[in-house]
Structure formats: C-alpha cells, structure tokens
Amino acid sequence: MTTTDDTTDPDTTEPDTADTTEPDTTTEPATADTVLRHDDAPHPHGFTRAEVGWTPHLPPLAEDELTERHYDGLVDAARAKNDYFRLLARDPEVLRARTLVDKDIFYNVADGLPRADRELAATAASRRNGCVFCASVHSRFAAHHSKRQDDVDRLLDEGVSADLGERWNAIVAASVALTETPSAFGPDHIALLRSAGLDDGEIADVVHGAAFFNWANRLMLSLGRPVAPA
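Rules used throughout
Residues take numbers from 1 onward in each chain, read along the sequence in its written order. Local features in a predicted model are, by the rule used here, given only for residues with pLDDT of at least 70; side-chain atom pairs are given and counted only at 80 or more, and totals for whole chains, interfaces and linings are based on all residues. Hydrogens and water are ignored here; the side-chain numbers use all heavy atoms of the structure. Runs of H or I in DSSP of at least four residues are treated as helices and runs of E of at least two as strands, each being numbered from the N terminus. To estimate the expected span of a helix, count its residues, drop one, and scale the result by 1.5 Å. Partly exposed describes any residue whose relative accessible area lies between the buried limit of under 20% and the exposed limit of over 50%, with all areas from a 1.4 Å probe on protein chains only and scaled to the type maximum. In this description, one arc is meant: the one made by directions from the helix axis to the C-beta atoms. In this analysis an axis means a line fitted to C-alpha atoms, helices contributing only their contacting stretch, and an angle means the value between N-to-C directions, from 0 to 180 degrees. Roughly parallel means an angle under 35 degrees; roughly antiparallel, over 145; roughly perpendicular, 65 to 115; everything else is oblique. Each crossing gets its handedness from the near helix: less than a right angle anticlockwise from the far helix is left-handed, clockwise is right-handed. Should any heavy atoms of two residues lie within 4.5 Å, those residues are considered in contact. Gly is placed with the polar residues, together with every amino acid not listed as nonpolar (Ala, Val, Leu, Ile, Met, Phe, Trp, Tyr, Cys and Pro) or charged (Asp, Glu, Lys and Arg). Here, nonpolar core means buried Ala, Val, Leu, Ile, Met, Phe, Trp, Tyr and Cys residues that are tied together by side-chain atoms lying within 4.5 Å of each other. Any pair of Phe, Tyr and Trp rings, taking the six-membered ring for Trp, is counted once the centres come within 6.5 Å. Such a pair is stacked with planes under 30 degrees apart, edge-to-face with planes over 60 apart, and tilted for the rest. For a ring to carry a charge above it, either NZ of a lysine or CZ of an arginine must fall within 6 Å of the ring centroid while also lying within 35 degrees of the normal to the ring plane. Throughout this description, the term salt bridge denotes a Lys or Arg side-chain nitrogen within 4 Å of a carboxyl oxygen of Asp or Glu.

(A) Quick look at helix α3 (residues 92-107). For α3, with 16 residues, the first-to-last C-alpha span of 21 Å sits near the 22 Å given by 1.5 Å per residue. Buried within α3 are the following residues: P92, L95, R98, T99, D102, I105 and F106. Buried residues along α3 cover an arc of 150° about the axis, so they all sit on one side.

In structure tokens, the structure reads:
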C-alpha cells in the first residue's frame, strides 16, 4: 500500500488578510521524496544470526538514476544493488564520508581491537537499540571471527545482560552505556575494559564501533524496517 502526505506546507501558506473567502486547501501531488512505502512482508519474530532483509519506507534511487557522483558516494560500486545504500546515496557526499568512517572502524585492524570484538560492540549496540537487521549482520561477523557462536547467540537471546566472560562483558557494558546515553559511559567502564586486558587504542575501537552503530541503527530503524528471513 502507498500513502502520501497531503498536509498543506506551512511555508507556502499565504499570510492572513482581510479576505474572508475560504482558503484553497488543495495540494500539489506528492513527489517521490514524500511517498511512504509499506508492504506486508513479515517482520522477524526475534533477534537472529540468520540473514534478515530490510525494506525502505522511502523510495531509493533506481540504479539507472545513479551518476558518477552517486557512485563516488557509494565508494563500493557493488553497493548500488542495495536499497539502503541507494537511499542514502540521495546525499552522496555525506554517504561517502560515512562509508569511509565505517570501513576504517571495522576493517582497519592492523592495530587495535580484533575484528571479532569490534563486531561484538556493534552487535551489543544493535541489540540494545532493537535493530534486528544490524544485529543479524554483525552477530554473524562476531560469530565468524571469534568462533564463539554460542556466546553470540546468548547475547541475541538473553540480551545485553548475558554473561559472556570478563572481556566480552566489559565490551558489551561499555557499548550499552554509550548506547543508552553517552554520558553514562565513564571511568568505571574504562577500568573494566583495562582490567579485561584492553589498552587505550583498543578501548577507542570499542567506543568507535558502538558509536557508529548507534548512528547506523537509527538510520535503519527510521528509514525502513527488517523483513523476516525466507
């Protein structure tokens, strides 16, 4: 089903005058940017490592609309196949900056936190925020890189209070504090991370992973919704 926004734009409303005639309440047809899309695809029943789909509420750019500027924003040409990235490509300069930050946080692992722990921070933030799609993607990465599938599933099933051992508990606690409100993150979380063996660079990686996914979750949750695995 498709719905349109038929409210009058206050920026185009004429100022009040002595004219007592009834105002014209007709509106212009909705453009592609104001169309909300809804479908009856089933929602997931819970958090899972299975592949979850995502459907946008707003129309992404079509592949044949993408210009060189859009592809520069996507960074990876293969992302043109993805509805989410084609939707974000409506602002290609911001998308490019976002994508480069994403890649540096999660793929630049020559130093600092191992990839599995970075993915754990993303999973913990997504689990706390209720982003089923992001949690599914990054829990798969966390399980793959750590080989700790049971612990990752425990986090998905039991929530962010699950006991995952000292190191992972410290990473989850720090990520959740940042997720709930940045001011909740403080010296106690840093002390726990250091006690679990993380140095300053690795602690910074935890912060970056959780912070990025607080942003990513909000984009996913506001611009669309998850679709249950087939």
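(B) Geometry of the packing of helix α4 (residues 115-129) against helix α6 (residues 149-158). Two numbers describe how α4 lies on α6: the axes approach to 10 Å, and their chain directions differ by 15°. When the interaxial angle is binned, α4 and α6 end up roughly parallel. Crossing geometry of α4 relative to α6 is assigned as right-handed. On the side of α4, the interface is formed by L120, T123, A124 and R127, while α6 contributes L155, L156, D157 and E158. In terms of residue class, the contact of α4 with α6 is made up of 4 nonpolar, 1 polar and 3 charged.

(C) Focus on the packing of α4 against helix α9 (residues 200-223). Where α4 meets α9, the closest approach of the two axes is 8 Å, and the angle between their N-to-C directions is 40°. In terms of orientation, α4 lies oblique with respect to α9. Note on packing geometry: the crossing formed by α4 with α9 is right-handed. Where α4 abuts α9, its residues R118, A121, A122, A125, S126 and N129 lie against D205, V206, G209, A210, F213, N214, N217, R218 and L221. Of the residues contributing to the contact of α4 with α9, the split by class is 7 nonpolar, 5 polar and 3 charged.

(D) The nonpolar core, seen in detail. One finds I171, L193 and L198 to be the most contacted residues of the largest nonpolar core, which totals 25 residues. By residue number, the principal contributor to this core is helix α7 (residues 166-180), which donates 8 residues. Of all hydrophobic cores here, the second largest spans 23 residues; its members include L66, A80, Y84 and A125.

(E) Structural detail: the side chain of T55. Here T55 lies in strand β3 (residues 53-56). Judged by relative accessible area, T55 falls into the buried class, the value being 14%. Contact partners of T55, with chain neighbours within four places excluded, come to D39, G224, R225 and V227.

(F) Region of interest: unusual backbone geometry. The phi dihedral of V75 is positive, around 70°, even though this residue is not glycine. Its identity is not glycine, yet K147 carries a phi of approximately 60°, on the positive side. Position of K147 relative to the elements: it lies in the loop between α5 (132-146) and α6.

(G) Geometry of the packing of aromatic side chains. Counting across every chain of the model gives 6 aromatic pairs. A ring pair is formed by W54 and Y84, whose centres lie 5.3 Å apart and whose planes are at 80°; its orientation type is edge-to-face. Of this pair, W54 sits in strand β3 while Y84 is found in helix α2 (residues 83-88), placing the two residues 30 residues apart along the sequence. Across this residue pair, the class does not change: W54 and Y84 are buried. Ring geometry for F212 and W215: centres 5.7 Å apart, planes at 65°, overall edge-to-face. Here F212 and its partner W215 are both found in helix α9, 3 residues apart, which amounts to about one turn of the helix. The rings of F106, F212, F213 and W215 are connected pair by pair, giving a single aromatic cluster. Its end group placed over the ring of F85, R79 keeps NZ or CZ at 4.3 Å from the ring centre. Directly above the aromatic system of F141 lies the positively charged group of R115, at a separation of 4.9 Å from the ring centroid.

(H) View of the pattern of salt bridges. Tallied over the full model, the rule gives 14 salt bridges. The partner of E93 in a salt bridge is R69, with the nearest N and O atoms 2.8 Å apart. Taken together, the residues E93 in helix α3 and R69 in helix α1 (residues 68-74) connect sequence positions 24 residues apart. Here R128 and E180 are joined by a salt bridge, their closest N and O atoms 2.8 Å apart. Placement of the pair is R128 in helix α4 and E180 in helix α7, with a sequence separation of 52 residues. Shared partners join several salt bridges into a network, and the residues in it are D76, R79 and K103.

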